[in-house]
Every structure is written in C-alpha cells, then in structure tokens.
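Observations on the three-dimensional arrangement
Each chain, letter by letter, is given below.
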Protein chains: 2
Amino acid sequence: MAEKDMRERIKEVAVEHFNSNGYHGTTIRNIAKDVNCSLPMIYYYYNNKKELFDEIIKKEYFDLLKGQAALLRTNNIIDFYTKFVYDLNSLSNYDKKVYRLGIKVYLSFDGDEELMEIMDEWEKTILPRHYQILKPYLENADNDIAIVRTLVHLLETLIVSIVVKNRFLPEEEIREEISIVLRGCE
Amino acid sequence: MAEKDMRERIKEVAVEHFNSNGYHGTTIRNIAKDVNCSLPMIYYYYNNKKELFDEIIKKEYFDLLKGQAALLRTNNIIDFYTKFVYDLNSLSNYDKKVYRLGIKVYLSFDGDEELMEIMDEWEKTILPRHYQILKPYLENADNDIAIVRTLVHLLETLIVSIVVKNRFLPEEEIREEISIVLRGCE
DNA sequence: ATACAATTCTAACGAACGTTAGGTAGGGGG
DNA sequence: CCCCCTACCTAACGTTCGTTAGAATTGTAT
C-alpha cells in the first residue's frame, strides 16, 4: 500500500504542517489525516511530536545548509554569490519548506531553547566562512570586514525573500544588489 | 486595585505571550494568570483570542511603523538612515515586542490571511517611499533603483537583527554598512 | 502450515483548550 | 434606600489535544 517509506511520508507532511501552522498549530491528527494513516502510526516512528519537529530541523535543515556551504565557487566572486542566491529559486518545494522552517527557528519564532543554541553555533561560522571566501578579493579595501558583514546581511534578506516569502528573484536583480555591495572587487 | 487600565495590561501581557509562544502557543489562561485576573476578564474586553491578536498587529504595530515612516530627515542621507536604524536599539521593550510580532506576521510565520494582506499593502509602499527620499542623491547613478532596493534589503536585515534577534547594533557598524551601499552618494 | 516479528489499526485516557452562563461586589444617581 | 451599571468573579460547557493500551493485520522465515 505504501507508495513511499511511511516514515518519510510522515516527515514530508509534517514539514508542510509545521511550516503553515507552527509547532503549536500543528496537530498529530492532522498530519495523520494527510498521510492517510492512523494517528498512532506517527508514534510508531517518532516518540512524540517534539522528536518529529527536531528531526526536521536537526537533520533536514542542517543537511541543506551544509550542502549549500560546500558549494564550489567560480573564479568570479559576483557570479558565485549570484548563483548561490539564484539557485534557491529552484529548490524543491520540500527543501524550501524545510529551509523556511529552519529560518523560523533561527529567528526564534518557533522551536525551543535547545534548537536555538544549535542555530547560534551555526551562525558564528557564517561571517568567518564568507570572510575566507572574499579575502582574496578585498586586499585593497580598508573596510573589508564591514563589506563582508554587509554582504552577509544582504544575502540574508535575499534568502528570506525567496525561501520565506516564496518570491521569485530574477538573476539580474540579485546580481545588481550583490554588485553594489562588492563594487570595486573583482 | 488596578495599577493601570486593565484593558491595557491585558494587551501588554498578550504581546509578551504571542511573542514568545506564537498565536497557537498562547493561551488565554496563561495571559490571565500573568495579568493576575480571572480568565473571563479577557473576554470582557476582547471578544475572543483573535480579536486580541488583531488589535496588537493592526493598531500597535502599524502605529509604530507609521511613526517611523514619518521621521524627519537630516540633510545627510547616511546620517538619516543610520539614525533610523540605530534608534531601534532604544525602543521600549513593549514596542520591540510589538515590532517583532509584526515582522513575524509579515513573514507569514503567524497570523492569518487577512493580516497578511494588510502587510502586503504596506510592503508596496516601502520601495517608492525610499526612492522618493533617495532620489535627490542618486541623480548621477544609472542603477538608482537597484541601489534603493539594495538599501531597503539591507535595512530589513538590520531591523531584524535588532528587533527580532534582540541584538544591539553599534552606530558605527550600521553607518559602515549603509555607507557601503550608498557609496558615491552624499 | 506455523510461528513470530514488524506494521498498522480502533478506542480510549486525562489534560488543556476557547468560550460562555450566570453570578457577586461596589459605587453613583434617583 | 434602592436600582442599575460597570467591573470582576467561580464554575462549567463542549471540543480537541498529545499520548497510550491493546488488538488486528501483514510479511517472512522456518
């Protein structure tokens, strides 16, 4: 009967519900209804509601982030960052929802203290990572750290636009904005 | 017995709860407990939970936004935007929470369709407004619209940092980032 | 065929939810 | 003194929640 692995189907539907209604707004009953299984089925695969939510953030979301962070870069830094953002447009619906849910927790709009701490740890790695990427292109800038910070801030909004607000951002607009911040670097 | 107007006290506590636990995570009982009043007291002043939430967004949040939008500007555009962001640091705790809650609805992490539509209407006014402010300083730029868009995007992240993540942003950092985007304008 | 484990179910538990019915307390005007 | 309105209460309604007990079903190895 199962078209896919039941455990996976539950997680997919859960992502949808947590995304639309938040942790507290999501009910196990509604998940079960959409999965087309009985209610205790959920408890067969996940010990409780929180464990289901945690697995989505800890596994799915961070897998996504780490995949992104490991992208190889071209030799043109503006191309690289443009592609980095633009490719978010074509993320699968599932990945987009996972991403959105992660950002929700990152902004402490959902989830709990424990997940927030994991987010904080990750956040600390962001600036240094981009500084490493950009360093070669910023050698003749006196405000290199500020430029990296500004770029990361801009990226954050662009990511939110695509993933959270579910807008499509044209490549040209992304390139324009990144170019404005990285003006003078090449 | 009432130190303040009861209706106002309920709203203040409600802001706190909606902020920490979201709409679905907030219970009328817990609000009543923190207000130190009985449960039906809430229903004496507000018809139901949703009306309480809606009043916070529709009145408190948009009052805040409109107050911000009406700020007078100095003759130095970088000073103006730096002050615009920096002043968010010293928002009252209540206002900060209202702001945070508004952004949560804006990102459709909470609230309902109806509130989202109000947010969309507001959002449409943002770019034109800043374009009007910046136009005089951008006359010799060919990508003026892109610069305005980039600045608004940067502002969004800075606002989120202060209001949502509850960080303090030093004036100098704000000024640096805004200057990078507005490089060449004065 | 039979035994056993993995998978899925029906039914129900207690607790907490939003909301309401119907009361009490107190003060100001007649 | 009594009436009535405002402000507040206790108690309960019906519903839905997360979770579990325990049985039915299915698949698989012998």
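Residues numbered from 1 in each chain as written. Chains lettered and ligands numbered in written order. Predicted model: local features only at pLDDT ≥ 70, side-chain atom pairs only at ≥ 80, totals over all residues. Heavy atoms only, no water.

**Looking at the environment of B:Glu60**
Residues and elements named next belong to chain B. The condition that has to hold: Secondary structure follows DSSP: runs of H or I at least 4 residues long count as helices, runs of E at least 2 residues long count as strands, and numbering of each begins at the N terminus. Only protein chains enter the accessibility calculation, which uses a 1.4 Å probe. A residue is then buried if its area is under 20% of the maximum for its type, exposed if over 50%, and partly exposed in between. By the convention used here, residues are in contact when the closest approach between their heavy atoms is within 4.5 Å.
Relative to the helices and strands, Glu60 resides in helix H4 (residues 49-69). Glu60 gets classed as buried once you look at its relative accessible area, which sits at 15%. Between the C-alpha atoms of Glu60 and Val15, which are 45 residues apart in sequence, the distance is 9.8 Å. When near neighbours in sequence (up to four residues on either side) are disregarded, Glu60 contacts Lys11, Glu55, Tyr94 and Val98.

**Concerning the pattern of salt bridges**
Rules: Salt bridges, as used here, are contacts in which a Lys or Arg side-chain nitrogen is within 4 Å of a carboxyl oxygen on Asp or Glu.
Scanning the entire structure with this criterion turns up 42 salt bridges over all chains. For A:Asp79, the salt bridge identified is with A:Arg175, shortest N-O distance 2.7 Å. With A:Asp79 in helix H5 (residues 77-86) and A:Arg175 in helix H9 (residues 171-181), this pair connects stretches of sequence that are 96 residues apart. Taking the relative accessible area as the measure of exposure, A:Asp79 reaches 31% and is therefore partly exposed. Judged by its relative accessible area of 22%, A:Arg175 falls in the partly exposed class. Among the salt bridges present, the one from B:Glu173 reaches A:Arg149, with a minimum N-O distance of 3.7 Å. Of this pair, B:Glu173 sits in helix H9 (residues 171-181) while A:Arg149 is found in helix H8 (residues 144-164), placing the two residues in two different chains. Residue classification places A:Arg149 among the buried residues on the basis of a relative accessible area of 11%.

**Focus on the protein's contact with DNA strand C**
The test is simple: Here a residue counts as near a molecule or strand whenever at least one of its heavy atoms sits within 4 Å of it. Under this definition, polar contacts are N or O atom pairs within 3.5 Å; protein pairs additionally need one hydrogen-donor-capable and one acceptor-capable atom, and for neighbouring residues in sequence, both atoms have to be side-chain atoms.
Near DNA strand C there are 17 residues, and of these A:Ser38, B:Thr27, B:Arg29, B:Leu39 and B:Tyr43 occur at the shortest range. Among the atoms of DNA strand C close to the protein, meaning within 4 Å, 48% are from sugar or phosphate groups. Take A:Tyr44: an N or O atom from its side chain is 3.0 Å from a phosphate oxygen of DNA strand C. Within the contact set of DNA strand C, a phosphate oxygen lies 2.9 Å away from a side-chain nitrogen or oxygen of A:Tyr45.

**Remarks on the domain arrangement of chain A**
All names here are of chain A. The following threshold applies: Either an automatic procedure or a domain database provided the assignment from which the domain bounds are taken. When two parts are brought into contact, each loses some accessible area as probed by a 1.4 Å sphere; the total of that loss over both is the buried area.
Each assigned domain of chain A is listed here: domain 1 (1-46) and domain 2 (57-181). Centre-to-centre, using C-alpha coordinates, domain 1 lies 29 Å away from domain 2. The interface is formed by eight residues belonging to domain 1 together with eight residues belonging to domain 2. In this assembly, domain 1 packs against domain 2 so that about 780 Å² is buried in total across both faces, 52% of it on carbon and sulfur atoms.

**Details of the relation of the copies chain B and chain A**
Note the threshold: C-alpha atoms of residues with pLDDT of at least 70 in both copies form the basis for the least-squares superposition of the copies.
In the superposition of chain B on chain A (RMSD 0.0 Å, axial shift 0.0 Å), the rotation amounts to 180°. Accordingly, the operation relating the two chain copies is best matched by a two-fold axis. Both copies share a contact surface, since 100% of the interface residues of chain B are interface residues in chain A too.

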